[in-house]
Amino acid sequence: MAETTRVYLDHAASTPVHPDVLEAMLPYFSEAYGNPSSVHYWGQQAEAAVERSRGAMADVLGCAPQEIIFTACGSESDNLALRGAALARRMKHGHNHLVVSAVEHHAVLKTAESLAQIEGFKVDLVEPDNFGEIHAEALARVLRPDTAVVSIMYANNEVGTVNQISDMAQLCRDAGVPFHTDAVQAGGHLPLDVEALGVDLLSLGAHKFYGPKGVGALYVRADTELVSTLTGGSQEFGLRAGTHNVPLIVGMAKALSLVQEEGQARANHTLPLRDRLIRDIPDTIPQARVTGHPTNRLPNHASFVFEGVDGNQLLAALDLAGFACSSGSACKTGDPEPSQVLLAMGLTADWALGSLRVTLGRDTESHSIDRFLSVLPDMVQRLRAQAVVHW
Ligand SMILES: *Cc1c(COP(=O)(O)O)cnc(C)c1O
């Protein structure tokens, strides 16, 4: 398979660095290489770049610059939000209860699990509806006076469903409980104004919106009780020790400002392609369903299940045909278990094991989607035929 005929349809897993982002980062690798904490010229130059980036990101989120904490990835932002708030509020108020949704990314789910196992927190999971959406009424049922923190994702990485975050944030504000949202998948597509959303904590990861891998941010509303989970130097207002990764921070800020400039055009480009996938696949393939919300979903995100198909075999067959897709979450590659997210949405294992996620990007071409749609039906039927052969 020649390199040029390969088609990347896995933008929810990661995106290429935008050329303007690369250009903005380059000087900070080998010219302006100082440590932002140093007193001298090189240090000042690096510090200025970090603070410019912080200011640019704060403008997008509608917050104060000192409410942005730079981290090493979306996962770290989720960890800092959950663990930092849970431990702080237990120390201060004795609160011992956590609420997260059942369809969170592992960065949230496993952190809650770890806080339960190691720190003895009680955890309640909020169940989604059949579209993967979390509702305020379901959240209200598990909130308690001793809830230390609530974490509900903005948009789901596996099925693309977008949640009405502001309703749930308001509910938590009324109850005096800090509200975190994992906006790592949403960051490149949805409004991030933290006042309109009403959130106290919000996680971002640059590589999901054409920024570099290995850098993220956590918005922390002023006065939110939080302890540092990475201790050492006093960087990031004492909330995250470690010398700043200056080039990556510069790249993330540039990538986020490009989302503001190009976001609408990117959505206009991917929406019709997404809708063609969502319409055609259940039409042309028997026992195929769209997963997630049919309309209230990310503009580049299409996801499906095929009954009686091994999702991993389907991915391998697609890869051979030149199409890079995912079964849902990049973090679950090689996992033979059906997705917990799909099971929580009410799908049976026989359906959930045959999951496929197709996520589009700014470079995705219409004729590639035509070609994808022309090869997929036979591929699914071939795998089903193979699955009934017993040796
Ligand atoms: C990708 C992703 C993460 C993890 O972000 P990294 O920067 O890869 O650590 C967390 N949550 C969601 C919803 C994601 O899509």
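Above this note sits the structure.
Residues numbered from 1 in each chain as written. Predicted model: local features only at pLDDT ≥ 70, side-chain atom pairs only at ≥ 80, totals over all residues. Heavy atoms only, no water.

## Some points on the overall build of the chain
Stage number 1. Summing up its helical and strand segments, the chain has 13 helices and 12 strands in all.
Stage number 2. Along the three orthogonal principal directions, the C-alpha set of the chain runs to about 65 × 50 × 40 Å.
Stage number 3. Taking all 391 residues of the chain together, 55% fall into the buried category.
Stage number 4. Taking contacts inside the chain between residues at least 6 apart in sequence as the whole, the part at least 24 apart equals 74%.
Stage number 5. Within the structure as shown, the chain displays about 16,400 Å² of accessible surface, and the carbon and sulfur contribution to it stands at 54%.
Stage number 6. Treating the 29 positive side-chain charges of the chain as one cloud and the 45 negative ones as another, the clouds have centres 2 Å apart. (Helix = DSSP H or I, 4+ residues; strand = E, 2+ residues; numbered from the N terminus. Buried < 20%, exposed > 50% of the residue type's maximum accessible area, 1.4 Å probe, protein only. Contact = heavy atoms within 4.5 Å. Areas by Shrake-Rupley, 256 points an atom, 1.4 Å probe, with all protein chains shown as cover. Lys, Arg positive; Asp, Glu negative; His and termini not counted. Charge placed at Lys NZ, Arg CZ, Asp CG, Glu CD.)

## Section: the packing of helix H3 (residues 41-61) against helix H9 (residues 246-284)
Stage number 1. Interhelical geometry of H3 versus H9 gives an angle of 25° and a closest axis separation of 9 Å. Taken together, the axes of H3 and H9 lie roughly parallel to each other. Note on packing geometry: the crossing formed by H3 with H9 is left-handed. Here H3 contributes Ala46, Ala49, Val50, Ser53, Ala56, Met57, Val60 and Leu61 to the contact with H9, which in turn contributes Val246, Ile249, Val250, Met252, Ala253, Leu256 and Gln260. (Axes fitted to C-alpha atoms, helices over the stretch in contact; angles between N-to-C directions. Parallel < 35°, antiparallel > 145°, perpendicular 65-115°, else oblique. Left-handed = near helix turned anticlockwise from the far one by under 90°.)

## Re the site of the ligand
Stage number 1. Around the ligand, the surrounding shell consists of Cys73, Gly74, Ser75, Asp78, His105, Met153, Asn157, Asp182, Val184, Gln185, His207 and Lys208.
Stage number 2. Separating an oxygen atom of the ligand from a side-chain N or O atom of Gln185 is a distance of 2.8 Å.
Stage number 3. In the environment of the ligand, an oxygen atom lies 2.9 Å from a nitrogen or oxygen atom belonging to the side chain of His207.
Stage number 4. Taking 380 Å² as the accessible area of the ligand by itself, protein coverage stands at 89%.
Stage number 5. Here the residues of the shell around the ligand sort into 3 nonpolar, 6 polar and 3 charged. (Near = heavy atom within 4 Å. Polar contact = N/O pair within 3.5 Å; in protein donor to acceptor, adjacent residues only side chain to side chain. Nonpolar A, V, L, I, M, F, W, Y, C, P; charged D, E, K, R; others polar.)

## Here we look at empty space enclosed by the protein
Stage number 1. By the definition in use, this model includes 4 cavities of 30 Å³ or more.
Stage number 2. By volume, the largest cavity is sized at about 160 Å³.
Stage number 3. Looking at the largest cavity, it is lined by 16 residues, and the ones nearest its centre are Gly188, His189, Tyr210, Arg266 and Asn300.
Stage number 4. For the lining of the largest cavity, a count of residues per class yields 5 nonpolar, 8 polar and 3 charged. (1 Å grid on protein atoms, 1.4 Å probe; cavity = no way out; pocket = protein on both sides within 12 Å on 5 of 7 lines; lining within 4 Å. Points joined across faces, edges and corners; volume = space filled by probe spheres on them.)

## Concerning the packing of aromatic side chains
Stage number 1. Throughout the structure, instances matching the rule amount to 4 aromatic pairs.
Stage number 2. Measuring from centroid to centroid gives 5.7 Å for Tyr41 and Trp42, while their planes differ by 85°, and the two rings are edge-to-face.
Stage number 3. Look at Trp42 and you get partly exposed, because its relative accessible area is 39%.
Stage number 4. Taking the centre distance of 5.3 Å and the plane angle of 80° together, the rings of Phe323 and Phe372 count as edge-to-face. Pair noted here: Phe323 is in strand S11 (residues 323-324) and Phe372 is in helix H13 (residues 366-387), with a separation of 49 residues, a long-range link. The exposure classification of Phe323 matches that of Phe372, with both residues buried.
Stage number 5. Put simply, the rings of Tyr33, Tyr41 and Trp42 pair up and form one aromatic cluster.
Stage number 6. One residue, Arg90, lies across the ring of Phe121, its end atom 4.2 Å from the ring centre.
Stage number 7. A cation over an aromatic ring shows up here: Arg289 above the ring of Trp351, its NZ or CZ 4.0 Å from the ring centre. (Phe/Tyr/Trp six-rings, centres within 6.5 Å; stacked < 30°, edge-to-face > 60°. Lys NZ or Arg CZ within 6 Å of the ring centre and 35° of its normal.)

## Thoughts on the packing of helix H10 (residues 311-320) against H13
Stage number 1. Between H10 and H13, the least distance of the axes is 10 Å, while the angle of their chain directions is 135°. Taken together, the axes of H10 and H13 lie oblique to each other. Crossing geometry of H10 relative to H13 is assigned as right-handed. In this structure, H10 uses Gln313, Leu314, Ala317 and Leu318 to contact H13, whose residues at the interface are Phe372, Leu376, Met379, Val380, Leu383 and Gln386.
Stage number 2. Tallied by class, residues from the contact of H10 with H13 come to 8 nonpolar, 2 polar and no charged.

## Quick word on the environment of Asp193
Stage number 1. Tracing the chain through its elements places Asp193 in the loop between strand S6 (179-182) and helix H8 (194-197).
Stage number 2. Placed 109 residues apart in sequence, Asp193 and Ala302 show a C-alpha to C-alpha distance of 25 Å.
Stage number 3. Apart from residues lying up to four places away in sequence, Asp193 is in contact with Val60 and Leu61.

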